[in-house]
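# Working through the structure, step by step
Next come the chains, spelled out residue by residue.
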Amino acid sequence: MSVAEAAATAEVQEPGGTLRSSSPRHIPVVGVVTEDEEAQGAFKTMDLNRVINLLEETDKDDLEEKQLKSVKKLVQCYQNGLPLRDLAQIFKILNLCAEKIENQPHFIESAFNILKLCGLPFLKKKVSDEITYAEDTANSIALLGELMKIPNSELRIQICYQQASSSYKIKMAEVGGLAKTMVQSLALLENQLVEKLWVLKALQHLSTSEVNCTLMMKAQAASGICAHLNDPDPSGQLLFRSSEILWNLLEKSPKEEIIQQLSNLECLLALKEVFKTLFMRGFSHYDRQLRNDILVITTIIAQNPGAPMIECGFTKDLILFATFNEVKSQNPLVKGLKLSNSYEDFELKKLLFNIIVILCKDLPTIQLLIDGKVILALFTYVKKPEKNKIIEWSAAQYEELQLHAIATLSSVAPLLTEEYMLCQGNAQVLAFLEWCESEDSFFSHGNSFHGTGGRGNKFAQMRYSLRLLRAMVYLEDETINSDLCEKGTIQQLIGVFKNTISKSNDKEEAIILEIQSDILLVLSGLCEHHIPRKEIFGTEGVDIILRVMKIDPTKLQTGLGYNVLLFSTLDSIWCCILGCYPSEDYFLEKEGIFLLLDLLALNQKKFCNLILGIMVEFCDNPKTTAHVNAWRGKKDQTAASLLIKLWRKEEKELGVKRDKHGMIIDTKKPLFTSFQEEQKIMPLPANCPTLAVMDVAENIRAKIYAVLGKLDFENLPGLSAEDFVTLCIIHRYLDFKIGEIWNEIYEEIKLEKLRPVNTDKKFLETITTASENIGKMVASLQSEMIESQAHQDVQNEQKVYTKIQATHKQRELANKSWENFLARTSNAKTLKKAKRLQEKAIESSRYSEHPPNAVFHRTDIKGLNTTVPSGRVVTVESTPARLLGGPLTDTDIALKKLPIRGGALQKVKAVKTVNESKKSVPT
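Source: prediction; values computed, not measured. In this convention, every chain numbers its residues from 1, walking through the sequence in written order. Reporting of local features is limited, given that this is a predicted model, to residues whose pLDDT is at least 70; pairs of side-chain atoms are given and counted only at 80 or more, and all residues count toward the totals for whole chains, interfaces and linings. Side-chain metrics rest on all non-hydrogen atoms present in the structure, leaving aside hydrogens and water.

## Considerations on the overall build of the chain
Numbering of helices and strands runs from the N terminus, with a helix taken as a DSSP run of H or I at least four residues long and a strand as a DSSP run of E at least two residues long. Helices and strands together make up the secondary structure of the chain, namely 44 helices and four strands. In the chain, which comprises 923 residues, the proportion classed as buried is 45%. Whether two residues are in contact is decided by their heavy atoms, any of which lying within 4.5 Å being enough. Summarising the internal contacts of the chain: among those between residues at least 6 apart in sequence, 75% fall at separations of at least 24. The buried label goes to any residue with under 20% of its type's maximum accessible area, the exposed label to any with over 50%, and the partly exposed label to all in between, with areas taken from a 1.4 Å probe on protein chains only.

## Some words on the packing of helix H24 (residues 425-437) against helix H27 (residues 489-503)
Fitted lines through C-alpha atoms serve as axes, helices being fitted only where they are in contact, and the angles separating the N-to-C directions of these axes extend from 0 to 180 degrees. One way to put it is that H24 packs onto H27 with a least axis distance of 11 Å and a crossing angle of 25°. Between H24 and H27, the angle falls in the class roughly parallel. Here H24 and H27 pass one another in a crossing that is left-handed. Between H24, through Leu430, Leu433, Glu434 and Glu437, and H27, the contact on the second element is made entirely by Thr489, Gln492, Leu493, Gly495, Val496, Asn499 and Lys503. Partitioned by chemical class, the residues of the contact of H24 with H27 number four nonpolar, four polar and three charged. In this scheme, roughly parallel covers angles under 35 degrees and roughly antiparallel covers those over 145, while 65 to 115 is roughly perpendicular and the rest are oblique. Crossing chirality is assigned from the near helix's rotation relative to the far helix, an anticlockwise turn below a right angle marking it left-handed and a clockwise turn marking it right-handed. Under the scheme applied, nonpolar residues are Ala, Val, Leu, Ile, Met, Phe, Trp, Tyr, Cys and Pro; charged residues are Asp, Glu, Lys and Arg; polar residues are all the others, including Gly.

## Regarding the confidence of the model for the chain
Scored from 0 to 100, pLDDT reflects the predictor's confidence in each residue. Counting all residues, the mean pLDDT for the chain is 82, and 83% of those residues have values of 70 or more. In this model residues 37-41 is a low-confidence stretch, pLDDT under 50, and it forms seven contacts with partners more than four residues away in sequence or in other chains.

## Describing the packing of helix H32 (residues 592-601) against helix H33 (residues 605-618)
The geometry of H32 relative to H33 is characterised by a closest axis approach of 10 Å and an angle of 150° between their N-to-C directions. In terms of their interaxial angle, H32 and H33 are classed as roughly antiparallel. Two packed elements cross with a definite hand, and for H32 against H33 that hand is left-handed. Across the interface between the two elements, Ile593, Leu596, Leu597, Leu599 and Leu600 of H32 pack against Cys608, Ile611, Leu612, Ile614, Met615 and Phe618 of H33. Partitioned by chemical class, the residues of the contact of H32 with H33 number eleven nonpolar, no polar and no charged.

## Remarks on the packing of aromatic side chains
Each aromatic pair joins two rings of Phe, Tyr and Trp (for Trp, the six-membered one) with centres within 6.5 Å, and gets the label stacked for planes under 30 degrees apart, edge-to-face for over 60, and tilted for any other angle. This model, assessed by the stated rule, comprises 16 aromatic pairs. On the numbers, 5.5 Å between centres and 35° between planes, the contact of Phe432 with Trp435 is tilted. On the criterion of helical spacing, the pair formed by Phe432 and Trp435 is a turn pair, its members being three residues apart in helix H24. Residue classification places Phe432 among the buried positions, given a relative accessible area of 2%. Relative to Tyr733, the ring of Tyr705 has its centre 5.5 Å away and its plane inclined at 40°; by these criteria the two rings are tilted. One end of the pair, Tyr705, is in helix H38 (residues 701-710); the other, Tyr733, is in helix H40 (residues 733-751), and 28 residues separate them in sequence. On the basis of relative accessible area, Tyr705 is assigned to the partly exposed category, the value being 21%. Joined through ring pairs, the aromatic side chains of Phe275, Phe279, Phe314, Phe321 and Phe324 make up one cluster.

## Some thoughts on the environment of Leu55
Note on placement: Leu55 falls in helix H2 (residues 48-56). Taking the C-alpha atoms as reference points, Leu55 and Gln67, twelve residues apart in sequence, are found 5.9 Å from one another. Not counting chain neighbours up to four residues away, the residues in contact with Leu55 comprise Gln67, Val71, Ile93, Leu96, Cys97, Lys100 and Phe107.

## Regarding the pattern of salt bridges
A pairing counts as a salt bridge when a side-chain nitrogen of Lys or Arg comes within 4 Å of a carboxyl oxygen of Asp or Glu. The full count for this structure, using the stated rule, is 28 salt bridges. Here Asp345 ties to Arg291 by a salt bridge, and the two come within 2.9 Å at their closest N and O atoms. You can see Asp345 sitting in helix H19 (residues 343-359) and its partner Arg291 sitting in helix H17 (residues 285-302), a full 54 residues away along the chain. Residue Asp345 is classed as buried on the basis of its relative accessible area of 3%. For Glu740, the salt bridge identified is with Lys737, shortest N-O distance 3.3 Å. In this pair, Glu740 and Lys737 are both assigned in helix H40, three residues apart and thus about one turn of the helix distant. The exposure classification of Glu740 matches that of Lys737, with both residues buried.

## As for a nonpolar patch on the surface
Patch members must show over 30% relative accessible area and no salt bridge, and they are joined within 9 Å when carrying like charges or within 5 Å when they are nonpolar side chains of Val, Leu, Ile, Met, Phe, Trp or Tyr. Areas reported as accessible are Shrake-Rupley estimates using a 1.4 Å probe. Residue values count occlusion only from the protein chains shown. Together, Leu734, Ile738, Trp742 and Ile745 make up an exposed nonpolar region whose accessible area comes to about 330 Å². Position of Ile738 among the secondary structure elements: in helix H40.

## Digging into helix H5 (residues 107-118)
Expected span of a helix: the number of residues minus one, times 1.5 Å. Between its terminal C-alpha atoms H5 stretches 17 Å, which fits the 16 Å expected from twelve residues at 1.5 Å a residue. Burial of H5 is extensive: nine of the twelve residues sit out of reach of the surface. For H5, the complete set of buried residues consists of Phe107, Ile108, Ser110, Ala111, Phe112, Ile114, Leu115, Leu117 and Cys118.

## Side note on the environment of Ala377
Tracing the backbone through its elements, the reader meets Ala377 in helix H21 (residues 374-379). For the pair Ala377 and Phe324, spaced 53 residues apart in sequence, the C-alpha to C-alpha distance is 8.4 Å. Residues in contact with Ala377, not counting those within four places in the same chain, are Thr323, Glu326 and Val327.

## A word on unusual backbone geometry
The phi dihedral of His529 falls on the positive side, at around 70°, and the residue is not glycine. Turning to its location among the elements, His529 is positioned in the loop between helix H28 (509-527) and helix H29 (531-549). One non-glycine residue, Asn715, lies in positive phi territory at about 55°. Turning to its location among the elements, Asn715 is positioned in the loop between H38 and helix H39 (721-731). Residue Asn715 is classed as exposed on the basis of its relative accessible area, which comes to 75%.

Encoded structure:
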């Protein structure tokens, strides 16, 4: 609501000469009559039909006196309030009295007295009366608006005095459309100030309801009320109540419609005169609040491009009022004027900055901004605070205005580049940015919207300075950008970025991320298409980019601004590194391609397109291929496998027809998406791209094809059979796309009912057939691959089964050998039999004839009953370490006493040696 609401307590003079408060009385909505009150006569009734019949008669001589007496009795009867059940008849009586006023003035008092009863709570005997008599009540209240047409001041004022604040009456007024008739009655009160004020008061109460505001909007209330804002009114209530109604209409009814009603010359002239009067002559707290309210309403209207703000001269005056404190003016409107540091004047200054941003969107305003020296005025705030300098604002207020002024410059300066350069805008901003980075003692309050995140530091000032630089750089004005580069902006911004990294903490994380993003965007704008500037960006710039690319991927989901920072980083790779071979080589040397592929592996659709575009450009560097092929992701995934996986995912989202193995289904349209299937081919002008052409730019398939194409489609590591099936389609992407475009051309010719010459027709059919044949060839190759893979799977399965069989056979042989061993050790006969067989086998393996004079040496021990090969040299396995306690546990083991029980040596307590015993004998 309006900030001038305090004036609602102003008093209004009533017809009888007494004063009544303008605020509504808090009376019951509907009075309920109890049994005791009814017994005491609180709910009196009378024959209302008789009164109606009497008022309708016209023949008798003394009829007027009787009619007046009957109405007087009615008023006395219902002095406690009007029953809901009788309301329709009573208002009919009221209407009959009103009709007689013109010829019989005595009926004014009767109508007036009945209207006074309407100010009392309506009475109900049953709880259901409110619902039962709702329609009658609504029609009765609506009649009040019609009575406003009676040219009687007292009657009109009494109608307006009805307590419309009660929710039930307002609801009934909504149903009956009272607000609309009250608005229409304003046209009858052009020169009757008192009655007009009462009507405005009633409308002010009615406008608290959305339904009533809609009714008032339909009656053109906004334009009707606004056009008379500047009408003479010594009490000041007309301006207050009118502005309050306009506020309510803007808040509670369709805003666009209200703005449209107010966007006319008459309304804006009235607002202009009121604002100027309050600005120059308003000194009270109430006047300043009302002045600010009028400015806010004007700001809302100014958002409509069709509002004649310039034609009525309001724009020129607003620019003057916004800059007169900073730029001296001889205009008599501001001569001798000075703003104080009061809250209202402080808010006014911010509102004026705000409306300049809105006004500058209308290009004809630019000349007025130049004449008003707006850029010069705003740049007075783009400087570090000077010590011991007296200013009219407090420190907190000045800081907020400073931030607001820089934010305003970001919108205005791109439209006034000549004035920006004349004011040495780049130098001032860079100097201010240098101060923001310095260690000067400065305590930022950070209280305002613009100061968010900047409490106790200069981050807020840095953020808005960078926004201003970004706005100027993105104009692509070579004069501005060259001037920035000559002043060392690239090196300065890289230094600022490094400093923000060292100062980063959780508390200011969001604002630091925004600052870093803006720095990278400014650098991108400066370096794009300029190799010398990319060389200045150099290795230092590449280092900060690589640092950002190493951020934890989980932070991308925090919503603090890491996504924006990453987008800015990828943009700076494109603009600041690509095309500069030393920077490209350094980026590759520092494993930048690995980081790009790591980001691509995150499978975030919003980054994929940009990353793949960078990859396509980087692949022009011959050193890139080795880096791409060397990269490995999770589960040893290769770059080629990742790209093919992204292709399959993209085609699934696009609705491309593929079978369960990823094979082509429709050889005529192998790349068609579901969207292309739904859209019918339509003849288009030659300069309009068709669906097939637009498809290239709208998804990532073309970029994946380009990257894999630069990797030569050959010897790609780490691909599965499914990957090879998809790779067949990717390899022929360009052929399929060309065929698709030719097919569109052919279809458009048919739709336009053109008949190509035979040669052209033959060419078109040949191209279409060739494209389809390529599709069939790829489908056949895919089938072969799938069959080959299925055969390979069967062979691999057979190998596994063979290995399993060999394992089982080996186990059987081992079991059989163990059984034979047990049999030999447990049965002497079996052992002897085995021994004989062994000896026989040995003998059969020897030569039967020996060379002459040869000496024969036996290799076995005769009479030994073992079945293992044995000779004169016996190998004895070492005693287990668990029995000896490990190697070198005790070196004097020979001196230990043997245990009494048999078996291997065991560790026992040490005993004295003989020498030690002799030494111990006394002499």
